[in-house]
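# Residue-level structural notes
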Amino acid sequence: MRINACGKDCTVCGEYMAQKCTGCGEETTALCTIACCAEKKCFDKCTECWKKDDCKKLPQKDKMPILRRENLRYAAERHVWAQQNAKPLRLCLTVLAALAMLRGVALLLSLPVEALLPIGAQVPPHLVAPQTKLAVAVCHVVYGVVLLMLSRLQEKYRFAGICIMFSGVVMVVQAYLKQGEALSLAVSVVYLLLCFVGEYYECAAHADTALGIDRAVAENWGHIWKWIVGGQVVLMAAYPLLFYALPLAAMIMIGLLIALPRIYRRKILRIWQMAQTL
């Protein structure tokens with residue numbers, strides 16, 4: 001009898017008996033969401049978990065051998081695809097990594113850092129000048145163009161490229177609107193939504209690309225977008241609190257202003273790593 005984490009006996013499984021599945025092991029555990037979940041929580045068996053009664057993964061245990069086989073097949077297809085498109089992928093990802101550094105600076109310039117200045121203090125003119133915002137917009141547009149170039153190799157990059165390009169266009173409009181107006185606020189919300197959606201789809205496309213290169217890198221892409229988007233959401237949520245809870249909101253904003261560049265740097269390094277591995 002061979003009992004796995006989910007409680008399934010491999011010796012009565014048709015997939016195992018037909019030698020289409022080797023059961024839970026170091027190789028297959030990474031492809032099984034149930035086994036991965038148990039491993040992350042340091043449980044040998046799912047019965048030890050406090051969420052076993054409400055678990056949404058456990059009922060799928062009979063489908064796992066088929067799902068794992070499909071995942072392996074898809075990963076093999078992505079590997080062949082990455083090898084066939086290695087040269088254009090390497091070029092586009094290298095350019096994208098370089099542009100990501102510029103876009104990271106642009107991201108910081110677009111954040112409401114003026115809220116941290118003392119009351120009555122003048123915001124440095126170069127931070128609010130239309131020329132600065134136009135430069136930031138250009139970074140977004142060029143970045144989006146490169147993503148659209150990648151969409152010729154993989155369709156998932158298309159929506160990310162469109163969203164990020166439009167965010168640059170919206171920023172051009174925002175540059176010539178007066179701060180504090182209702183229209184300016186609405187445009188800012190549209191800009192943020194486009195950035196968030198574009199960030200998500202870009203990371204999803206990178207994860208799919210990395211699946212044919214390095215599975216660990218592919219899994220990391222699933223976390224990077226959460227940190228970037230989550231950090232920006234918290235930052236923007238803390239901004240209105242400055243009028244009511246100045247010390248707390250200021251601490252949150254300062255902490256995120258320090259953390260976001262590091263998270264973005266991690267994203268850039270992941271893109272470099274993908275390009276160098278091809």
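As a starting point, this report considers the structure included with it. As the structure is a computational prediction, the values presented were derived from the model and not from experiment.

## Remarks on the packing of aromatic side chains
- Going through the model one piece at a time under the given rule, you end up with three aromatic pairs.
- Seen from their ring centres, Y200 and W225 are 4.8 Å apart, and the 80 degrees between their planes marks the pair as edge-to-face. Remark: W225 occurs in helix α10 (residues 215-241) and Y200 occurs in helix α9 (residues 182-211); sequence separation between them is 25 residues.
- By relative accessible area, which is 24% here, W225 ends up partly exposed.

## Some thoughts on the packing of helix α4 (residues 64-84) against α9
- Close contact between α4 and α9 brings their axes to 7 Å; oriented N to C, the two are set at 90 degrees. By the angle class used here, α4 and α9 are roughly perpendicular. Residues Y74, A75, R78 and W81 of α4 form the contact with α9, whose own contacting residues are D208, T209 and L211.

## Topic: helix α8 (residues 156-175)
- Taking 1.5 Å per residue as the helical rise, α8 with its 20 residues ought to reach 28 Å, and the 30 Å between its terminal C-alpha atoms agrees with that figure.
- The set of residues buried in α8 consists of Y157, A160, G161, C163, I164, S167, G168, V170, M171, Q174 and A175.

## Things to note about the pattern of salt bridges
- Enumeration over the complete set of coordinates arrives at six salt bridges.
- In this structure, E199 and K267 form a salt bridge, with 2.4 Å as the shortest nitrogen-oxygen distance. Here K267 lies in helix α11 (residues 246-277) and E199 lies in helix α9, a separation of 68 residues in the sequence. Take E199 and K267: they sit in the same class, and that class is buried.
- A salt bridge links K267 to E202, with the shortest nitrogen-to-oxygen separation between them at 2.9 Å. Taken together, the positions of K267 in helix α11 and E202 in helix α9 put the pair 65 residues apart, joining distant regions of the chain.
- Look at K267 and you get buried, because its relative accessible area is 0%.

About the thresholds
- Residues numbered from 1 in each chain as written.
- Predicted model: local features only at pLDDT ≥ 70, side-chain atom pairs only at ≥ 80, totals over all residues.
- Heavy atoms only, no water.
- Phe/Tyr/Trp six-rings, centres within 6.5 Å; stacked < 30°, edge-to-face > 60°.
- Helix = DSSP H or I, 4+ residues; strand = E, 2+ residues; numbered from the N terminus.
- Buried < 20%, exposed > 50% of the residue type's maximum accessible area, 1.4 Å probe, protein only.
- Axes fitted to C-alpha atoms, helices over the stretch in contact; angles between N-to-C directions.
- Parallel < 35°, antiparallel > 145°, perpendicular 65-115°, else oblique.
- Contact = heavy atoms within 4.5 Å.
- Expected span 1.5 Å × (residues − 1).
- Salt bridge = Lys/Arg side-chain N within 4 Å of Asp/Glu carboxyl O.

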